[in-house]
Amino acid sequence: MDNASGVGVLDKAALVLSALEPGPATLAGLVAATGLARPTAHRLAVALEHHRLVSRDMQGRFVLGPRLGELAAAAGEDRLLAAAGPVLARLRDITGESAQLYRRQGDFRVCVAAADRPTGLRDSIPVGGQLTMAAGSAAQILLAWEDPERMNKGLLKATFSAAELSAVRRRGWAQSVGEREPGVGSVSAPVRSPSGKVVAAVSVSGPLERLTRQPGRMHAPAVAAAAERLSQSLRRAG
């Protein structure tokens, strides 16, 4: 085993966590990725799940668990989450709508930070909530800059088209009108790592009564500016 520490059970647990980094995996997938015996892989995955280091998605596949994000934030290693709070709060105050930060995890996008509109009708997404990658402006952002194979796979079930993703890449932001939920609109923009890879999507969402059927006209500049501030925080950290 490469990089063995001498503590076998920890080395094997690290193998399981590393195997889940690209996305969800079945038990058979864990066995194939780690080379561990099936009973060993199962025992370790279930033990890690008990400690919230591993979780399950809606299909029962193993995924990285919420405790990892909590530990990273506590250690100050996740600069994106550390910077997200004030940026999202400012975006909420500028737009008057709830603001969120999404990351892709396998076939879903996960809300990793949020700042809700305090009163009135609002679209509230809980931190940790899993949403579809088939609809919504954040899904468009997280798919638009993927490699062609992964993009085309995502488009098979999507409510948006390849032409719409091309427009997203051209203008640098996405909007949705009733895609994820009737009566709800949203605007999103990409957060990029120092290498330029899209690692997250910043969004605002709310009722169409306020956002109208062209929410990008109202909020795209503010959302794009917030995404750029978070990208800058990653560049500084890098």
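Residues numbered from 1 in each chain as written. Predicted model: local features only at pLDDT ≥ 70, side-chain atom pairs only at ≥ 80, totals over all residues. Heavy atoms only, no water.

Another aspect to go through is the sheet that holds strand β6 (residues 174-177). With antiparallel pairing, six strands are arranged side by side in an open sheet as β5-β4-β3-β8-β7-β6. Among the strands making up the open sheet, the edge pair consists of β5 (130-132) and β6. When strand polarity is set aside, the average angle formed by the axes of neighbouring strands in this sheet is 35°. By the bridge criterion, three bridges tie strand β4 (residues 108-115) to β5 in an arrangement that is antiparallel. When the bridges of β5 are listed, Arg 109 appears paired with Leu 131. (Pairing = 2+ DSSP bridges. Helix = DSSP H or I, 4+ residues; strand = E, 2+ residues; numbered from the N terminus. Axes fitted to C-alpha atoms, helices over the stretch in contact; angles between N-to-C directions.)

Relative to the assigned elements, Leu 17 resides in helix α1 (residues 8-20). Judged by relative accessible area, Leu 17 falls into the partly exposed class, the value being 22%. Distance in space between the C-alpha atoms of Leu 17 and Leu 68 is 10.0 Å, their sequence separation being 51 residues. Excluding anything up to four places from it in sequence, Leu 17 contacts Leu 48, Leu 53, Val 54, Leu 64 and Leu 68. (Buried < 20%, exposed > 50% of the residue type's maximum accessible area, 1.4 Å probe, protein only. Contact = heavy atoms within 4.5 Å.)

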